[in-house]
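Secondary and tertiary structure notes
The chain contents come next:
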2 protein chains.
Amino acid sequence: MLDHFSYGVQQLTFMQKYLVNIDHWNRTGGPIFFYAGNEGSIELFALNTHKQYYQYQSSMQALADYVELLAHVRQTYEGAEKSPVIVFGGSYGGMLAAWMRIKYPHVVQGAIAASAPVAQFTGLTPCEKFGQVVTHTFALQGQECVQTIRKSWDAINKMAATAEGRAWLSDAWRLCKPLNSTDDAKNLKSYLSDAVCQPMKFLKDEPKEILLEIFEGLSVYFNYSTTATCLSYESSMPSSLDDNGWFLQSCTEMVMPMCYDGKNDFFEPQAWNLTEFSETCVKKWDVRPEPYKMEQMYGGRNLKYASNIVFSNGLLDPWSSGGVLEDVNESVVSVIIPEGAHHLDLRSSERADPKSVIQARDVHKANILKWISEYSNSV
Amino acid sequence: MLDHFSYGVQQLTFMQKYLVNIDHWNRTGGPIFFYAGNEGSIELFALNTHKQYYQYQSSMQALADYVELLAHVRQTYEGAEKSPVIVFGGSYGGMLAAWMRIKYPHVVQGAIAASAPVAQFTGLTPCEKFGQVVTHTFALQGQECVQTIRKSWDAINKMAATAEGRAWLSDAWRLCKPLNSTDDAKNLKSYLSDAVCQPMKFLKDEPKEILLEIFEGLSVYFNYSTTATCLSYESSMPSSLDDNGWFLQSCTEMVMPMCYDGKNDFFEPQAWNLTEFSETCVKKWDVRPEPYKMEQMYGGRNLKYASNIVFSNGLLDPWSSGGVLEDVNESVVSVIIPEGAHHLDLRSSERADPKSVIQARDVHKANILKWISEYSNSV
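Residues numbered from 1 in each chain as written. Chains lettered and ligands numbered in written order. Predicted model: local features only at pLDDT ≥ 70, side-chain atom pairs only at ≥ 80, totals over all residues. Heavy atoms only, no water.

Per an unreviewed UniProt entry, chain A goes by the name Lysosomal Pro-X carboxypeptidase and belongs to Hyalella azteca.

Below, the structure is given as structure tokens:
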């Protein structure tokens, strides 16, 4: 259904893709594990077909999709009618998982919400928090790294100011697309938030030295296979993640204010300017952001009356700044993974897993078992 | 906002009317009492202006309107920012009140849901229940009445079959618009569900005698002022209630199956035919009903995880068949008013009030005080 909440579009429908795995399906009421998708390709429905379609994209529509999909699954698979449903998700999908339980507790019995920044919205979290966590995470690799990065913005600005400087930087950093303007430098700077600190051990002062040092760090990121011929700074996202889709959502309801002071973080100072952001959105998508929408819809961290949700957050993950980091009530609980990055607990377990993520997964398991037995006792 | 959940209509807005009374406004965090409107004129927004507009009408849109309106009120009135909000409503408004608390517990602190048939939807309540309660309520006035009404359908059919019979009936019942066809007779029959039993004390068998008896009952309803010159059976609704608006809603999400067997109720037997109903809706509004929508959205009577709601129901009210008649949990409670009709508890108190409605209002008061102090302790 294109739109679940209005009847102004003549109940148009569109094809949507979902994946089902029944390898371990227990026909006698075994649980359904439902993974709430993210902003990537499988659920960014029809984004590339009709503009009209993706403009209907909103979190409430996504949740209503899930309600209908689950009703369909329950009718389609033998035994599924009696099954409890546990919803999972990470990042945006983690928010959807939590909100699914909050809004439709009669449809899903519990939710694992990993790295879900449900309070990363206007008025709920100071806009400088995110950058501070990023900086703190880098600082764990050494203060030299943080200081080098903090100095690098000026160094880039200096280089970008002259044709000769731009040529030098394009060459030194092996840029696929040489810098031709200060606008190119802007793009380069926004790409840089993905730099990696480890190799940067020495503090430099001279711009060129700083930038060569930064490039060492960058290389780990863009060229870990050592086969990349040049550094492409057009987009920091793997193309499958489709940042255009997220950009649109951030222009409607997913408005997440970010700002930097350059002192408590290593970013170039930048205020949060809603008006400017808003104008960009109107120009690009013909929509105006609704900065208070998500708090109004879902309550932010104020989840006192919710139940059966585990919020997990890795402290290395800057999105934890908008996450639920304390227990809300008896059955809405928080799990902290000090050594964890963005929803590490939802990734495959492996030898290198820190103890805290193993413990987090145990908490998930215990809660899921509790929710299932709670449900079995009630039907 | 025309549509709160999509961005396909370029965030169109429209004027909406609301009423505020601040005569007793307590600026130091006094409670806000919010009355959730019904299908009547004040909130049936723009129904008569643009077809596109009222097609956006849905319960979820109404709730999102309330969220925005309350945010506006909180910002506008001095002290209101710290106020708890208690939402009230009766009938459809009662459902909205309950659902408001269910979906937005961070916005409203409690709900009084009077005569709210939250389970009058497909699969949740047998379709014959409603008619049985109507019949039972009439039976309290005497079985003769019920039997006379039950026989009256055939009597009307017999009269309506011939020109002479139609003339007789038009005359005997002083119909404003004489019966010219069996279709007119159909309209007359659908009007008749509002007959009043009291004067009908004698059991008759002959069609004309039955119909004269029924007319005695009808006269109480259509001519209680004794000044009506004729009986108009075109619509049983006062025009301000705008049954067209309700008709549209019942064609989208508010599908309430009704059927009659003529044995356990006094109606002319009639099955519930979704297909036929659906076709009528497509023809009239170009929409197809979604019979499971309301259960999917709100859970029907399955409100285990809700909190702070009082559901009140009068047992004389046929809508109680789809109501919550038992406590759901500690803070979602049911109040029965045996002598009550449709949300009697929300009407002005008066001398003739039965004891049960006075007690119901006391339950409301006690719960509201509890919710308010719960809120004060939490902020």
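Further notes follow.
1. Notes on the state of the cysteines
Disulfides are covalent bonds that link the sulfur atoms of two cysteine residues. Residues and elements named next belong to chain A. Going through the model one piece at a time under the given rule, you end up with four disulfides over all chains. The side chain of C251 participates in a disulfide bridge whose partner is C281; the two sulfur atoms lie 2.0 Å from each other. One disulfide, between C251 and C281, carries an S-S torsion of -75 degrees and so falls in the left-handed class. Note that C251 is positioned in helix α9 (residues 243–252) and C281 in helix α10 (residues 274–285), a separation of 30 residues in sequence. On the basis of relative accessible area, C251 is assigned to the buried category, the value being 0%. (Disulfide = S-S within 2.5 Å. Helix = DSSP H or I, 4+ residues; strand = E, 2+ residues; numbered from the N terminus. Buried < 20%, exposed > 50% of the residue type's maximum accessible area, 1.4 Å probe, protein only.)

2. A few points about the interface of chain B and chain A
Contact residues are listed per partner, giving 45 residues for chain B and 45 residues for chain A. Of the roughly 3,700 Å² buried between chain B and chain A, counting both surfaces, carbon and sulfur atoms make up 47%. Here chain B is connected to chain A by zero salt bridges. For the pair chain B and chain A, the number of links is 15 residue pairs in polar contact (both at pLDDT 80 or more). Counting only elements with at least two residues in the side of chain B that touches chain A, the list comes to α2 (59–76), α3 (92–103), α11 (293–298) and α12 (355–378) of chain B. Among the elements that take part in the side of chain B that touches chain A, α2(B) stands out by supplying six residues, more than any other. Here the side of chain B that touches chain A is composed, by residue class, of 16 nonpolar, 17 polar and twelve charged. (Contact = heavy atoms within 4.5 Å. Buried area = accessible area lost by both parts, 1.4 Å probe. Salt bridge = Lys/Arg side-chain N within 4 Å of Asp/Glu carboxyl O. Polar contact = N/O pair within 3.5 Å; in protein donor to acceptor, adjacent residues only side chain to side chain. Nonpolar A, V, L, I, M, F, W, Y, C, P; charged D, E, K, R; others polar.)

3. Examining the relation of the copies chain B and chain A
Superposing chain B onto chain A requires a rotation of 180 degrees together with a translation of 0.1 Å along the rotation axis, leaving an RMSD of 0.2 Å. The two molecules are tied by a two-fold rotation axis, judged by turn and shift. Judged by C-alpha distance, B:K103 is the residue of chain B that lies nearest the rotation axis, at 2.9 Å. Most of the interface of chain B is mirrored in chain A, where 100% of its interface residues again form contacts. (Least-squares fit on C-alpha atoms with pLDDT ≥ 70 in both.)

4. Looking at the sheet that holds strand β5 (residues 332–337) of chain A
Residue and element names in this part refer to chain A. In space, the five strands of this open sheet follow the order β1-β2-β3-β4-β5, with parallel pairing throughout. Each end of this open sheet is capped by a strand with a single partner; those strands are β1 (32–35) and β5. Shown here is a sheet whose adjacent strand axes are inclined to one another by a mean of 15 degrees, direction ignored. As defined by bridge partners, strand β2 (residues 85–90) adjoins strand β3 (residues 110–114) across five bridges and the pair is classed as parallel. Note that in β3 the partner of F88 across the bridge is I112. Running over the sheet, helix α3 (residues 92–103) touches β2, β3 and β4 (309–314) and is turned about 150 degrees from β2. (Pairing = 2+ DSSP bridges. Axes fitted to C-alpha atoms, helices over the stretch in contact; angles between N-to-C directions.)

5. With respect to the pairing of β3(A)
Residues and elements named next belong to chain A. Summarising burial for β3: five of the five residues are buried, a large majority. Side-chain alternation along β3 places G110, I112 and A114 on one buried face and A111 and A113 on a second face that is also buried. With α3 bridging β2 and its parallel neighbour β3, the resulting β-α-β unit is right-handed. Pairing analysis gives four bridges linking β3 to β4, with the strands arranged parallel. Each bridged residue has a counterpart across the sheet, and for A114 the counterpart in β4 is S312. (Right-handed = clockwise from strand over helix to strand, strands pointing away.)

6. Quick look at the pairing of strand β2 (residues 85–90) of chain B
Residues and elements named next belong to chain B. Of all the six residues making up β2, six are buried; the element is thus mostly covered by neighbouring parts of the structure. On β2, burial covers both faces: V85, V87 and G89 on one face and I86, F88 and G90 on the other are all buried. Bridge count between strand β1 (residues 32–35) and β2: four bridges; the pairing is parallel. Paired with I32 across the strands is V85, a residue of β2.

7. What about the confidence of the model for chain A?
Regions with low pLDDT should not have their predicted coordinates read in detail. Residues and elements named next belong to chain A. With 87% of its residues at a pLDDT of at least 70, chain A reaches an overall mean of 86. In the model, residues 236–242 has pLDDT below 50 throughout and makes twelve contacts with residues more than four positions away in sequence or in other chains. In the predicted complex, the global pTM is 0.87; the interface-specific ipTM is 0.82. (pLDDT = per-residue confidence, 0-100.)

8. Considerations on the side chain of B:H343
Its place among the elements puts B:H343 in the loop between β5 (332–337) and α12. Beyond its immediate sequence surroundings of up to four residues, B:H343 is in contact with B:G90, B:S91, B:A114, B:S115 and B:D317.

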